[in-house]
Amino acid sequence: MLRCVLSLLLVALLIAAADGQARDDYYQEPFRPQFHFTPERNWMNDPNGLVYYQGEYHLFYQYNPFGNDWGHMSWGHAVSTDLLHWQHLPVALAEENGVMIFSGSAVVDRNNTSGLCRNPDPKDKSCLIAIYTGHTEQNQSQHIAVSNDRGRTWTKYAGNPVLDIGYRDFRDPKVIWHEATKKWVMVVSLSREQKVRFYGSADLKKWELLSEFGGAGVADKDVQWECPDLFALPVDGQPGKKKWVLIVNINPGGVAGGSGGQYFIGSFDGRRFTNDNPPERKMFLDYGRDFYAAVTFSDIPKSDGRRILIGWMSNWQYAGKEPTSPWRTAQSVPRVLSLKRFSDGLRLAQQPVAELQRLRDRHFEKPEEVRGDALEIIAEFQTSTGRQPLIRLVSGPDAATIIGYDAATERLFIDRSRSGLVDFDPNFPGTREAPMKLRQQRLKLRVLVDRSSVEIFSADGQVAVTERIFPLNNLQTVEIVAAETQARCVAFDAWQLKSVWRK
Ligand code: FRU
């Protein structure tokens, strides 16, 4: 009896230790975000294969299993049941025979259209299929892989590649199920031609070209179009009405004033995307320098209905030089997208997922009370004329990140030139701006600070600005110094946010 109780106790202890992967070492590292996803060690870039399946959100990501620089690209893997706490899992898809695993997506093949599912449950035919780019120096082609054990192990399809047009820059397939025409649709980029292509398939294995889209938004000859996404979203305030959104990430991020993520709104009939706006209209997901390769989750249950986006919080201009180790780069907080009508037309709006509010811990009512390195700040200002700093995130006597508003140019700005470590790359320091018209000079900001990142949401979600910072002094506290200027802070709330890595 006693032996039985003891072994039960041991099992319970082991489960408790493994659960949620408490990581006190993460807490010790000065730049390690506390509520954003980072790999335990080594290099990461784009989020890949975002999919919800049987109670779990899967986050795959571009990963180098062997070092803290880009290389040997493979898909790293983590799962979560709440979009907050992530459990690290072994590499899902590894580089093999000189073929790297570049970015792509994952879908639930509910009815085994691929014929690759071997679900052990007789009542369930489904499996997970990943669709990714197989990269060699000479060629990029599209491949698939299957998992019959909830994403834990993966088998590359023997008939790979499933789509090969003999091109060097043909990558980042995003696959969706198009219900109206009952087929799979892939949107994939011809990066150096500033185009995306749409392909259709009944079985995820044979793909037929449907159409191309390009020459709109930011499409200059020297940018690359990467990591597209395509989905329909309901239009706020117009019950029953939906519009299609096409996301195309542009490298280098930061050209033409926006971030690396641009989007188009229009219609999609199962073959062709038609842009509602004139081609010269540029619309951006985010205005900061550190939001790239943003794509959305597949297969979120209808009962939930959210369209959830994650972006890579870095920028190819300096990602490889960011001063962190033994890991590099982080993913943004998951954000919910909606389509809202603003004064300048229909636009995407985004807000952090509501789950994030569960991390709210100590509450501050006044700016002077705020202490912490993982924070949520909600502040409203009555602005006046000129250029006004509104919030300073202070990390030392001489170091601060400044968020402010310029009433003359009608722009929100963030200045990280004295935010801490900035000289690891000439492109890192400096000020970033986002166009933002105010109503009655009122400005509401929601700011998420997480040691080495700042995400700003404003203008009812129409404006998002994401920037990394590397505060020095090992001080790791951030203070808010609101408005010593003519601007008045009229409402203020802030919370320390709990670390998702600590018990
Ligand atoms: C975007 C990107 C993708 C590519 C991947 C390689 O950041 O360049 O186009 O698939 O990264 O790691």
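All figures in this text were calculated on a predicted structure; none of them were measured in a lab.

Asker: Describe the pattern of salt bridges, with residues and values.
Answerer: Per the counting criterion, the structure on display carries 39 salt bridges. Note that arginine 171 is salt-bridged to glutamate 226, the shortest N-O span being 2.6 Å. In this pair, arginine 171 sits in strand β10 (residues 171–178) while glutamate 226 sits in strand β14 (residues 224–234), placing the two residues 55 residues apart along the sequence. Take arginine 171: its relative accessible area is 7%, and that puts it in the buried class. Residue classification places glutamate 226 among the buried residues on the basis of a relative accessible area of 8%. In this structure, glutamate 376 engages arginine 360 in a salt bridge whose closest nitrogen and oxygen atoms are separated by 2.8 Å. Residue glutamate 376 is found in strand β24 (residues 374–382), and its partner arginine 360 is found in strand β23 (residues 360–364); the two are separated by 16 residues along the sequence. Residue class for glutamate 376 comes out buried when judged on its relative accessible area of 0%. One network of salt bridges, with partners in common, ties together Asp169, Arg171, Arg192 and Glu226.

Asker: Describe in detail the site of the ligand, supporting the description with residues and values.
Answerer: Every residue close to the ligand is listed here: Asn45, Asp46, Gln62, Trp70, Met73, Phe102, Ser103, Arg171, Asp172, Glu226, Tyr292 and Trp316. Take aspartate 46: an N or O atom from its side chain is 2.7 Å from an oxygen atom of the ligand. Relative to its unbound accessible area of 320 Å², the ligand is 95% covered by the protein chains. For the shell around the ligand, the secondary structure elements donating two or more residues are β1 (42–53), β5 (100–109) and β10. Class assignment for the residues of the shell around the ligand results in five nonpolar, three polar and four charged.

Asker: Any chance you could break down the state of the cysteines for me, citing the residues and the numbers?
Answerer: Inspection of the entire model under this criterion finds one disulfide. Each disulfide pairs two cysteine sulfurs, and for cysteine 117 the partner residue is cysteine 127, the sulfurs being separated by 2.1 Å. Between cysteine 117 and cysteine 127 the disulfide shows an S-S torsion of about -55°. By sign, it is left-handed. With a gap of ten residues between them, cysteine 117 in the loop between β5 and β6 (127–135) and cysteine 127 in strand β6 connect regions that are remote in the sequence.

Asker: Can you lay out the confidence of the model for the chain for me, pointing to particular residues and giving the numbers?
Answerer: Summing up the model confidence of the chain, the mean pLDDT is 92 and the portion of residues at 70 or higher is 92%. Across residues 12–19 the pLDDT falls below 50, and counting only partners more than four positions away or on other chains, this stretch makes two contacts in the model.

Asker: Account for the packing of aromatic side chains, with residues named and values stated.
Answerer: In total, this model carries 27 aromatic pairs according to the counting rule given. Consider the rings of tryptophan 43 and tryptophan 312, whose centres lie 6.3 Å apart with planes at 65°: the pair is edge-to-face. Taken together, the residues tryptophan 43 in strand β1 and tryptophan 312 in strand β19 (residues 308–312) connect sequence positions 269 residues apart. Taking relative accessible area as the criterion, tryptophan 43 reaches 1% and is therefore assigned buried. On the basis of relative accessible area, tryptophan 312 is assigned to the buried category, the value being 0%. With a centroid separation of 5.1 Å and 80° between ring planes, the pair formed by tyrosine 318 and phenylalanine 428 is classed as edge-to-face. Here the residue tyrosine 318 occupies a position in the loop between β19 and β20 (327–328), and phenylalanine 428 occupies one in the loop between β27 (411–415) and β28 (431–435), the gap between them amounting to 110 residues. Among the aromatic residues, those joined into a cluster by ring pairs are Phe31, Tyr318, Phe424, Phe428 and Phe470. For the cation-ring pair, arginine 32 lies above tyrosine 26, with the distance from its terminal atom to the ring centre recorded as 3.8 Å. The ring of phenylalanine 428 has arginine 416 sitting right over it, with the charged end atom 3.6 Å from the ring centre.

Quick notes on the rules
Counting from 1, residues in each chain are numbered in the order their sequence is written. With pLDDT at 70 or above as the cut-off, local features in this predicted model cover only qualifying residues; side-chain atom pairs require 80 or more to be listed or tallied, and sums for whole chains, interfaces and linings still use all residues. Computation of side-chain values covers all heavy atoms of the structure but excludes hydrogens and water. Whenever a carboxyl oxygen of Asp or Glu lies within 4 Å of a side-chain nitrogen of Lys or Arg, that contact is scored as a salt bridge. Starting at the N terminus, helices and strands are each numbered in turn, a helix being any DSSP run of H or I of at least four residues and a strand any DSSP run of E of at least two. The rule is simple: take the accessible area with a 1.4 Å probe, protein chains only, and divide by the maximum for that residue type; under 20% is buried, over 50% is exposed, in between is partly exposed. We call a residue near a molecule or strand as soon as one heavy atom of that residue lies within 4 Å of the molecule or strand. We define a polar contact as two N or O atoms separated by no more than 3.5 Å, with the added condition that, inside protein, one atom must be a possible hydrogen donor and the other a possible acceptor, whereas residues neighbouring each other in sequence contribute only through side-chain atom pairs. Note that accessible areas follow from Shrake-Rupley with a 1.4 Å probe, and for residues the cover is restricted to the protein chains shown. Amino acids are sorted into nonpolar (Ala, Val, Leu, Ile, Met, Phe, Trp, Tyr, Cys and Pro), charged (Asp, Glu, Lys and Arg) and polar (every other residue, Gly among them). The definition used for a disulfide is geometric: two cysteine sulfur atoms within 2.5 Å. pLDDT expresses, on a scale from 0 to 100, how confident the predictor is about each individual residue. Whether two residues are in contact is decided by their heavy atoms, any of which lying within 4.5 Å being enough. Each aromatic pair joins two rings of Phe, Tyr and Trp (for Trp, the six-membered one) with centres within 6.5 Å, and gets the label stacked for planes under 30 degrees apart, edge-to-face for over 60, and tilted for any other angle. To sit over a ring, a charge needs its Lys NZ or Arg CZ within 6 Å of the ring centre and within 35 degrees of the ring normal.

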